[in-house]
Amino acid sequence: MKIRIKGNSIRYRLTKSEVEKLWREDHLEENTAFPGKSLQYAIYSTDDSILSADFKGDKIVLSMPKTMIETLQLSDKVGFEQTAGPVYLLVEKDFVCIDKVDEDQSDNYPNPHLNC
């Protein structure tokens, strides 16, 4: 799971196996370790109808409706977006990059803009 934060915008990008795990287990969690502390970020499945987020302690918690998670898993839909208070949220599938990158992309979704 990748997150990108810019101002009041948080973007989550999920690989195929992460979407499947979120669908099966109702949550995903990651952390980035700093000396003496870590930043945690998570997605939890909810029965709500909209995306929402909160920052609790050292953890960014995104609440995502089960119906959205199921749609990501079972369809070609790329993602979902929502403005939650002052924060813009985007959750989307992580596609293979068009440009060459030095990271393993074997678990990414096929990029629809590549003619493969």
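Our subject is the structure that appears above.
Residues numbered from 1 in each chain as written. Predicted model: local features only at pLDDT ≥ 70, side-chain atom pairs only at ≥ 80, totals over all residues. Heavy atoms only, no water.

S.K.: For this particular structure, what's the right way to read the overall build of the protein?
M.R.: The helix and strand inventory of the protein stands at two helices and eight strands. Going from N to C terminus, the protein has its helices and strands arranged as β-β-α-β-β-β-β-α-β-β. Taking all 116 residues of the protein together, 32% fall into the buried category. Considering only contacts in the protein between residues 6 or more positions apart, those separated by 24 or more positions represent 37%. As displayed, the protein has an accessible area near 7400 Å², and 49% of this comes from carbon and sulfur atoms. (Helix = DSSP H or I, 4+ residues; strand = E, 2+ residues; numbered from the N terminus. Buried < 20%, exposed > 50% of the residue type's maximum accessible area, 1.4 Å probe, protein only. Contact = heavy atoms within 4.5 Å. Areas by Shrake-Rupley, 256 points an atom, 1.4 Å probe, with all protein chains shown as cover.)

S.K.: Where do I start with helix α2 (residues 66-74) in this structure?
M.R.: Residues separated by three or four positions in an α-helix point in the same direction, a consequence of the helix having 3.6 residues per turn. Listed as buried for α2 are Met68, Ile69 and Leu72. Each buried residue of α2 lies within a common arc of 100° when the element is viewed along its axis, so the set occupies one face. α2 presents Thr67 and Leu74 as exposed residues on the side facing more than 90 degrees away from its buried surface. Contact partners of the buried residues in α2: α1 (16-25), β4 (37-46), β6 (59-65), β7 (79-84) and β8 (87-93). (Arc of directions from axis to C-beta.)

S.K.: Hey, could you run me through α1 in this one?
M.R.: The complete set of buried residues in α1 reads Glu18, Val19 and Leu22. Taken end-on, α1 shows its buried residues confined to a sector of 100°, consistent with a single buried face. Summarising the contacts, the buried residues of α1 are in contact with β2 (9-14), β3 (27-34), β4, β6 and α2. At the exit of α1 stands Asp26, carrying a positive phi of roughly 70°.

S.K.: Before we go on, may I ask you to explain unusual backbone geometry in this structure?
M.R.: Peptide bonds are mostly trans, and most non-glycine residues show a negative phi. You will see that Asp26, though not glycine, has its phi angle at about 70°, which is positive. Secondary-structure assignment places Asp26 in the loop between α1 and β3.

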